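Here are the chains, one letter per residue:
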Amino acid sequence: MFRPGIFLDTFQESFRNKMFLFFFIVASLIVGSIGLALNMDVVNGVMRGMTFFGSELRVPAFSVKQWVESFQSGLAMFVGTFGLFLALMATSTLFPLMLQKGSIDLLLCRPIPRWRLITARFAGGASIMAFNAAYLFLGVWTVLGLKSSVWNHGFPESTILAIFAFVVLFSVVMIVSVTTESGPAGLLAATTLLVFSPVLAAHEQITPAFSSELYRHIFRTLYWVLPKSAETIGAMRRLIIERPLELNWVVGTSFIFALVCYIGTVVYFTRKDY
Amino acid sequence: MDLEAPLDCLSGGAEARHAKPSRKHSACRWEIPTRYNFPMPAAFEVRAVFKTFRHWWSRREVCALRNVSFAVQPGTIFGLLGPNGAGKTTLVKIALTIAYPDQGEIRVLGESVRNRSVLRSVGYLPENPRFPAHLTAWQVLRLYGSLSGADTKRVDANAANWLERLDLAGWRDVRVSKFSKGMNERLALAQALVHDPDFIFLDEPTDGLDPPGRREVRAICRELADQGKTIFINSHILAEIELICDRIALMKSGEIVEQGTIVELTSNQSGYELVVGVSNELRNWLHEKMLPFTAVDGHLHIHVPDRTSANSLIDALRAKNVEIDSLNVKKRTLESVFMEKVL
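All values reported here derive from a predicted model rather than from experimental measurement.

### Description of the overall build of chain B
Tallying secondary structure elements over chain B gives 12 helices and 14 strands in all. The proportion of buried residues among the 343 residues of chain B is 39%. In chain B, of all internal contacts separated by at least 6 residues, the share reaching a separation of at least 24 is 70%.

Spelled out as structure tokens, the structure:
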């Protein structure tokens, strides 16, 4: 029988420790600022001027559609980098808190399979961030749409990619923090992958510079094995500005990596003596 | 009911002691006995459990449990005594599937703990319980009650009862991060009981409680046992165990070294004590004969191990015209049994 205890408790914990509130307030501020303080002067579909909190902004003579897409892709890049890091930081403590001595005993002595406990915790953490990302993206999309009458479907759709990028790196946080029982270690591992993903994404330009075929082979292998966070975030931008997408291999290999992390965590967690 | 014979052979008896070392358990050097016969369904059965913790990076092995076997009758309060590191908590953790045995089996309420559904009927108070700090006392009980598979209405009713009984009703909606150690311990007891379990593990249940709190815990344990529930207490506080338990087992270095009722364990006399008046001549004579004695309040307390020695000493003292003030048979206390068997 499904018992949502741990899943709901993860939500409750994020409410109480203000993690949920922090992201919700930040998202609300962004949506509210755009809705209340941004005024656009549009003449014949071309942006002629713009004021933000009463101050006039110098904008290039883009069409409204171009301007909205630029704004949305800029926001998506911000969320995909800085926002992703903040989200990983905020959720990195979820697993070590659960694994604390005296706390884990109270969970493992219940008639619930261990895989369900860890899955519920993972799903809880991922859902908190998914909710906030969806709230931010849909909020911005709605407000900008109402103000500019430009309803770019790529922007709300890119939320799925933002959530996917987070879930993949969150699976890294999970496996590292469950095996090491350390939140900072999990965060460090996920951040390292996030930071190095643009380097790996440029493997076609970088590998010719290596002197040894072995190094080139290792670098290419790392590219294929590790999650493609930079390319996933890049795909968000392409989706927003309506460029062609080649997502299958990016999403596919990242998904396989996340799945391996998840299975590895479940196997480790179900076998470990606490 | 005669549990003694099979239990005696199970707890590392002659058969196990003369077994060849097992290849798999080089650190333990025991072999698994193959057949056990329990004459009646026990509430808790431990069958030849071995556990070795291996640290792969240092290649160090710690043998936590060696061929541990015993049983607990339903409706009793059983105490597992032992010094720190004896393996008591490891055994309980294996019984609750928090850790896994290398070999052997544990059955609770007639079911192997491999079948996790039996844990619905089991309550557990860990040694240092740590609750999610963001929850209130009420939320803690609801969370753990529901995770134990109990019906929500029953959990709510039980939670209210136990909070009242354990003097936490006024703290029902206060976050546990504000609780003192004693309150935390009482709440931990409530969460162990909130789903109305039939078998309850209590690991150091009186740790951090004041004397009234300890008395209340003892009263609750007795009431639960009277209702037919079985209580398993892990402790190294001898006085508590002596007051509360129907039967105890002593554990040392991962092995059960002695078990029985407190009366059975302390019934053997541990020698005789003769009390005589102090004199320097007598002191010198006792030193000469190498007889142990202590001087207390102008009297010498002379210790002799058995009746023959006591009679010989009385004859010798009377031959020297020494007046004997008293002769006492020395009974073993639980503490003396513990010190003798475990330390």
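### Concerning the overall build of chain A
In terms of regular secondary structure, chain A is built from 12 helices and 3 strands. Overall size of chain A, expressed as C-alpha extent along the three principal axes, is 70 × 55 × 30 Å. Here chain A holds 274 residues, and the buried ones make up 39% of them. Taking as baseline every contact in chain A between residues at least 6 positions apart, the subset at least 24 positions apart corresponds to 72%.

### Focus on the interface of chain B and chain A
Each partner contributes to the interface: chain B provides 22 residues, whereas chain A provides 21 residues. Residue contributions to the side of chain B that touches chain A peak at 4 residues, all from helix H4 (residues 137–147) of chain B. Here the residues of the side of chain B that touches chain A sort into 12 nonpolar, 7 polar and 3 charged.

### A look at the environment of Lys331(B)
All names here are of chain B. Position of lysine 331 among the secondary structure elements: in strand S14 (residues 324–331). Overall, lysine 331 belongs to the exposed group, with 12 C-beta atoms counted inside 10 Å. Distance in space between the C-alpha atoms of lysine 331 and serine 267 is 6.9 Å, their sequence separation being 64 residues.

### A short note on the packing of helix H7 (residues 154–180) of chain A against helix H12 (residues 248–271) of chain A
All names here are of chain A. Put simply, H7 and H12 touch, their axes get as near as 9 Å, and they point 25° apart. Relative to H12, H7 is oriented roughly parallel. Crossing handedness for the pair H7 and H12: left-handed. Taken together, the residues of H12 that come into contact with H7 (itself represented by Phe164, Val167, Val168, Ser171, Val172, Met174, Ile175, Val178 and Thr179) are Val251, Ser254, Phe257, Ala258, Cys261, Tyr262, Gly264, Thr265, Tyr268 and Phe269. Broken down by class, the residue content of the contact of H7 with H12 amounts to 14 nonpolar, 5 polar and no charged.

### A look at helix H8 (residues 183–201) of chain A
Residues and elements named next belong to chain A. With 19 residues, H8 extends 27 Å from end C-alpha to end C-alpha; this agrees with the ideal 27 Å at 1.5 Å per step. Of all the bends in H8, the greatest reaches close to 35° and is centred on valine 195; the proline proline 198 follows between one and four positions later. Taken residue by residue, H8 has Gly183, Gly186, Leu187, Ala190, Leu194, Ser197 and Leu200 as its buried positions. The elements touched by buried residues of H8 are helix H3 (64–91), helix H4 (94–99), H7, helix H9 (203–206), helix H10 (213–225) and helix H11 (229–240).

### A look at the nonpolar core
The biggest cluster of nonpolar side chains holds 148 residues, and the ones touching the most others in it are Phe166(A), Leu169(A), Leu96(B), Ala190(B) and Phe201(B). Per-element tally for this core: the top contributor is H7(A), with 17 residues. With near-sequence residues (within four places) excluded, Leu96(B) lies in contact with Leu108(A), Cys109(A), Leu119(B), Val122(B), Tyr124(B) and Phe201(B). Within the second largest apolar cluster, 7 residues are counted, among which are Tyr272(B), Leu274(B), Val276(B) and Leu313(B).

### What to know about H7(A)
Residue and element names in this part refer to chain A. The end-to-end C-alpha distance of H7 is 39 Å, a good match for the 39 Å that 27 residues give at a rise of 1.5 Å each. Summarising burial for H7: 22 of the 27 residues are buried, a large majority. Trailing H7 by a residue or two, glutamate 181 shows a phi angle of about 55°, which is positive.

### A few points about the domain arrangement of chain B
Residues and elements named next belong to chain B. What the domain assignment lists for chain B is domain 1 (4–109 + 198–212 + 222–265) and domain 2 (269–342). Mapped onto the side of domain 1 that touches domain 2, the elements with two or more residues apiece are helix H8 (238–244), strand S9 (247–252), strand S10 (255–260) and helix H9 (262–266). A class-by-class count of the residues in the side of domain 1 that touches domain 2 yields 7 nonpolar, 1 polar and 3 charged.

### Describing the sheet that holds strand S6 (residues 122–125) of chain B
Residues and elements named next belong to chain B. Across the sheet, 6 strands lie side by side as S6-S7-S8-S3-S9-S10; this open sheet has mixed pairing. Because the sheet does not close on itself, it has two edges, and the strands there are S6 and S10. Neighbour-to-neighbour, the strand axes of the sheet open up by a mean angle of 15°, direction not taken into account. Strand direction decides the pairing type here: S6 and strand S7 (residues 199–203), joined by 4 bridges, are parallel. Opposite glycine 123, over in S7, you have isoleucine 200 as the bridge partner.

### Here we look at the confidence of the model for chain B
Residues and elements named next belong to chain B. When pLDDT is averaged along chain B, the result is 85, and 88% of the positions lie at 70 or above. Ranking the elements of chain B by mean pLDDT puts helix H1 (residues 4–10) last, at 37, and S6 first, at 96. Low pLDDT (under 50) marks residues 1–36, which in the prediction has 56 contacts with non-local residues, meaning those over four places away or in another chain. What the predictor reports for the complex is a pTM of 0.80 with an ipTM of 0.80.

### Let's talk about the confidence of the model for chain A
On average, residues of chain A score 88 in pLDDT, and 92% of them are at 70 or above. In the model of chain A, strand S2 (residues 46–52) of chain A stands out as the element of lowest mean pLDDT, 69, in contrast to H7(A), which has the highest, 96.

### Structural notes on the packing of H3(A) against H8(A)
Packed helices, taken two at a time, are described by the angle their axes make and the gap between the axes. All names here are of chain A. Running from N to C, H3 and H8 point in directions that differ by 165°, and their axes come no closer than 10 Å. Classified by the angle between their axes, H3 and H8 sit roughly antiparallel to one another. Handedness of the crossing formed by H3 with H8: right-handed. Only Leu187, Ala190, Thr191 and Leu194 of H8 make contact with H3, whose side of the interface consists of Leu84, Phe85, Leu88 and Met89. Residues of the contact of H3 with H8, tallied by class, amount to 7 nonpolar, 1 polar and no charged.

### Structural notes on the sheet that holds strand S2 (residues 60–72) of chain B
Residue and element names in this part refer to chain B. One open sheet holds the 4 strands; their spatial order is S2-S1-S4-S5, and the pairing between them is antiparallel. Both outer strands of the open sheet, S2 and strand S5 (111–112), are each paired with one neighbouring strand and no more. Both strand S1 (residues 44–55) and S2 contribute to a ladder of 9 bridges, which runs antiparallel. Its bridge partner lying in S2, valine 46 is registered against phenylalanine 70.

### Details of the environment of Tyr135(A)
Note on placement: Tyr135(A) falls in helix H6 (residues 114–148). Between the alpha carbons of Tyr135(A) and Pro156(A) there is a distance of 9.9 Å; along the sequence they are 21 residues apart.

### With respect to the pairing of strand S8 (residues 230–235) of chain B
All names here are of chain B. Burial within S8 is extensive, with 6 of its 6 residues counted as buried. Side chains Thr230, Phe232 and Asn234 project from S8 onto one buried face, and the interleaved Ile231, Ile233 and Ser235 project onto a second face that is buried too. Of the pairings in the sheet, the one linking strand S3 (residues 77–81) to S8 comprises 5 bridges and is parallel in character. Looking at the pairing, isoleucine 77 lines up with isoleucine 231 of S8.

Cut-offs applied
- Residues numbered from 1 in each chain as written.
- Chains lettered and ligands numbered in written order.
- Predicted model: local features only at pLDDT ≥ 70, side-chain atom pairs only at ≥ 80, totals over all residues.
- Helix = DSSP H or I, 4+ residues; strand = E, 2+ residues; numbered from the N terminus.
- Buried ≥ 20, exposed ≤ 12 C-beta atoms within 10 Å, placed from the backbone.
- Contact = placed C-beta atoms within 7 Å.
- Nonpolar A, V, L, I, M, F, W, Y, C, P; charged D, E, K, R; others polar.
- Axes fitted to C-alpha atoms, helices over the stretch in contact; angles between N-to-C directions.
- Parallel < 35°, antiparallel > 145°, perpendicular 65-115°, else oblique.
- Left-handed = near helix turned anticlockwise from the far one by under 90°.
- Expected span 1.5 Å × (residues − 1).
- Bend = angle between axes of the 7 residues up to and from the residue.
- Core = buried A, V, L, I, M, F, W, Y, C linked by C-beta atoms within 7 Å.
- Domains from an automatic or database assignment.
- Pairing = 2+ DSSP bridges.
- pLDDT = per-residue confidence, 0-100.

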